[in-house]
Amino acid sequence: NGWYTLTGSGDLVINDHIDTLIGGILDDGSIAILGGSSNPGHPYVAALVRSPEDGGLSDATLSGTYHVVCFTHTPAGYVSTYGTFSSNGTGHWAVIASGKAESASLPPATTSGTYHVGEHGKLDLHLSSGDILEGGVSADGGFACLAAGMTPTMVVPPQIWLLVRR
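If you're wondering where the values come from, they're calculated on a predicted model, not measured in any experiment.

A.B. asks: Just checking my understanding: could you explain the overall build of the protein for this structure?
C.D. replies: Helix and strand counts for the protein come out as zero helices and 13 strands. When its helices and strands are written in sequence order, the protein yields β-β-β-β-β-β-β-β-β-β-β-β-β. Taken over the C-alpha trace, the protein has a radius of gyration of 16 Å; the compact-globule value for 166 residues is 15 Å, and the two agree within 12%. Principal axes of the C-alpha set define a box for the protein whose edges measure 40 × 40 × 30 Å. Expressed as a percentage of the 166 residues in the protein, the buried residues total 37%. Pairs at least 24 residues apart make up 33% of the contacts formed inside the protein by residues separated by at least 6 positions. About 9400 Å² of surface is accessible on the protein, with carbon and sulfur atoms providing 60% of the total. Across the protein, the mean location of the 5 positive side-chain charges is 11 Å away from that of the 14 negative side-chain charges.

Here it is in structure tokens:
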């Protein structure tokens, strides 16, 4: 329960009576990004993906090669990675990424696993740790966002992944 303001230029402000988040939305309303917080000590980043009303999405929606960036908070500090995410359209993915920790560069690393796209765009990415990143994929498969590490039982640290098809 709260309010939002949307300008003609795509500026978006959302307030849930606890925090005020500011960002932008694409002209067609399919993707929005938000960040910041008016509440000290509660940094916030969000990517919102509109789900298609008629469904019809599947594992085939997430298919091809994507640019991927990831921002992670570990006990040692923040890590930013970038690389290539590939998915085969039948539920298997792989990524190769390099990055920067707060004080060092990170060598390229690879990982892979399985994924599932629900009919309305909910995306679950299964990691080798057994954890699942959750998020959404756009109806055309050109953009996806994922997050993990939000519960104490997860092995992976808090992180957000953003994917844009090449």
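A.B. asks: What is the right way to look at the sheet that holds strand β12 (residues 143–148) in this model?
C.D. replies: Each strand in a sheet pairs with another by means of backbone hydrogen bonds, the pair being arranged parallel or else antiparallel. One closed barrel accounts for eight strands, arranged β6-β7-β8-β9-β10-β11-β12-β13; its pairing is antiparallel. Between one strand axis and the next, the sheet turns through 30° on average, direction left out of account.

A.B. asks: Any chance you could explain the sheet that holds strand β5 (residues 45–49) here in plain terms?
C.D. replies: Taken together, the five strands give an open sheet; going across it, the order is β1-β2-β3-β4-β5, and neighbouring strands pair in antiparallel fashion. Because the sheet does not close on itself, it has two edges, and the strands there are β1 (3–6) and β5. The mean inter-strand angle of the sheet, taken between neighbouring strand axes irrespective of direction, is 20°. Bridge count between β1 and strand β2 (residues 11–15): four bridges; the pairing is antiparallel. Looking at the pairing, Leu6 lines up with Leu12 of β2.

A.B. asks: How do you make sense of the pairing of strand β3 (residues 20–25) when you look at a structure like this?
C.D. replies: The two faces of the sheet receive side chains in turn, since in a regular strand these alternate between them. In this sheet, β3 lies alongside β2 in antiparallel orientation, the contact comprising five bridges. Directly across from Ile14, in β3, lies its bridge partner Leu21. As judged from the four bridges shared by β3 and strand β4 (residues 31–35), these two strands associate in the antiparallel manner. Paired with Ile25 across the two strands is Ala32, which belongs to β4. Two successive antiparallel strands, β3 and β4, enclose a turn made up of five residues, where Gly29 displays a positive phi of approximately 75°.

A.B. asks: What's the story with the state of the cysteines in this structure? I'm lost.
C.D. replies: What we call a disulfide is simply a covalent bond connecting the sulfur atoms of a pair of cysteines. Counted by the stated rule, this structure contains zero disulfides. Cys70 takes part in no disulfide bond, and the closest cysteine sulfur, belonging to Cys145, lies 13 Å away. In this structure Cys70 comes out as buried when scored by relative accessible area, which is 10%.

A.B. asks: Quick question: what am I supposed to make of the nonpolar core here?
C.D. replies: Judged by nonpolar contacts, the single largest core of 21 residues is most densely connected at Leu62, Phe85, Trp93, Leu125, Trp161 and Leu163. Apart from residues lying up to four places away in sequence, Phe85 is in contact with Leu62, Gly64, Thr65, Tyr66, Val68, Trp93, Ala94, Val95, Leu125, Trp161 and Leu163. Membership of the second largest hydrophobic core comes to five residues, among which are Leu12, Leu21, Ala32 and Leu34.

A.B. asks: Quick question: what am I supposed to make of a nonpolar patch on the surface here?
C.D. replies: On the surface, Val69, Tyr82 and Leu162 cluster together into a nonpolar patch covering about 260 Å² of accessible area. Relative to the helices and strands, Leu162 is located in strand β13 (residues 159–165).

A.B. asks: It is not clear to me how the packing of aromatic side chains should be interpreted in this structure. Could you clarify?
C.D. replies: How two aromatic rings sit relative to each other is set out by the distance from centre to centre and by the angle between their planes. For the coordinates displayed, the defined rule picks out four aromatic pairs. Ring plane angle 80° and centroid distance 6.1 Å describe the contact between Tyr66 and Phe85, whose orientation is recorded as edge-to-face. Taken together, the residues span a long stretch of sequence, with Tyr66 in strand β6 (residues 63–74) and Phe85 in strand β7 (residues 77–88) at a distance of 19 residues. Classification of Phe85 by relative accessible area gives buried; the value is 0%. Through a chain of ring-to-ring contacts, the aromatic side chains of Tyr66, Phe85, Trp93 and Trp161 assemble into a single cluster.

So, how was this worked out
- Residues numbered from 1 in each chain as written.
- Predicted model: local features only at pLDDT ≥ 70, side-chain atom pairs only at ≥ 80, totals over all residues.
- Heavy atoms only, no water.
- Helix = DSSP H or I, 4+ residues; strand = E, 2+ residues; numbered from the N terminus.
- Rg over C-alpha atoms; globule rule 2.2 N^0.38 Å.
- Buried < 20%, exposed > 50% of the residue type's maximum accessible area, 1.4 Å probe, protein only.
- Contact = heavy atoms within 4.5 Å.
- Areas by Shrake-Rupley, 256 points an atom, 1.4 Å probe, with all protein chains shown as cover.
- Lys, Arg positive; Asp, Glu negative; His and termini not counted.
- Charge placed at Lys NZ, Arg CZ, Asp CG, Glu CD.
- Pairing = 2+ DSSP bridges.
- Axes fitted to C-alpha atoms, helices over the stretch in contact; angles between N-to-C directions.
- Disulfide = S-S within 2.5 Å.
- Core = buried A, V, L, I, M, F, W, Y, C linked by side-chain atoms within 4.5 Å.
- Patch = residues over 30% accessible without salt bridge, like charges linked within 9 Å, V, L, I, M, F, W, Y side chains within 5 Å.
- Salt bridge = Lys/Arg side-chain N within 4 Å of Asp/Glu carboxyl O.
- Phe/Tyr/Trp six-rings, centres within 6.5 Å; stacked < 30°, edge-to-face > 60°.

Purely geometric numbers; function is a separate question.
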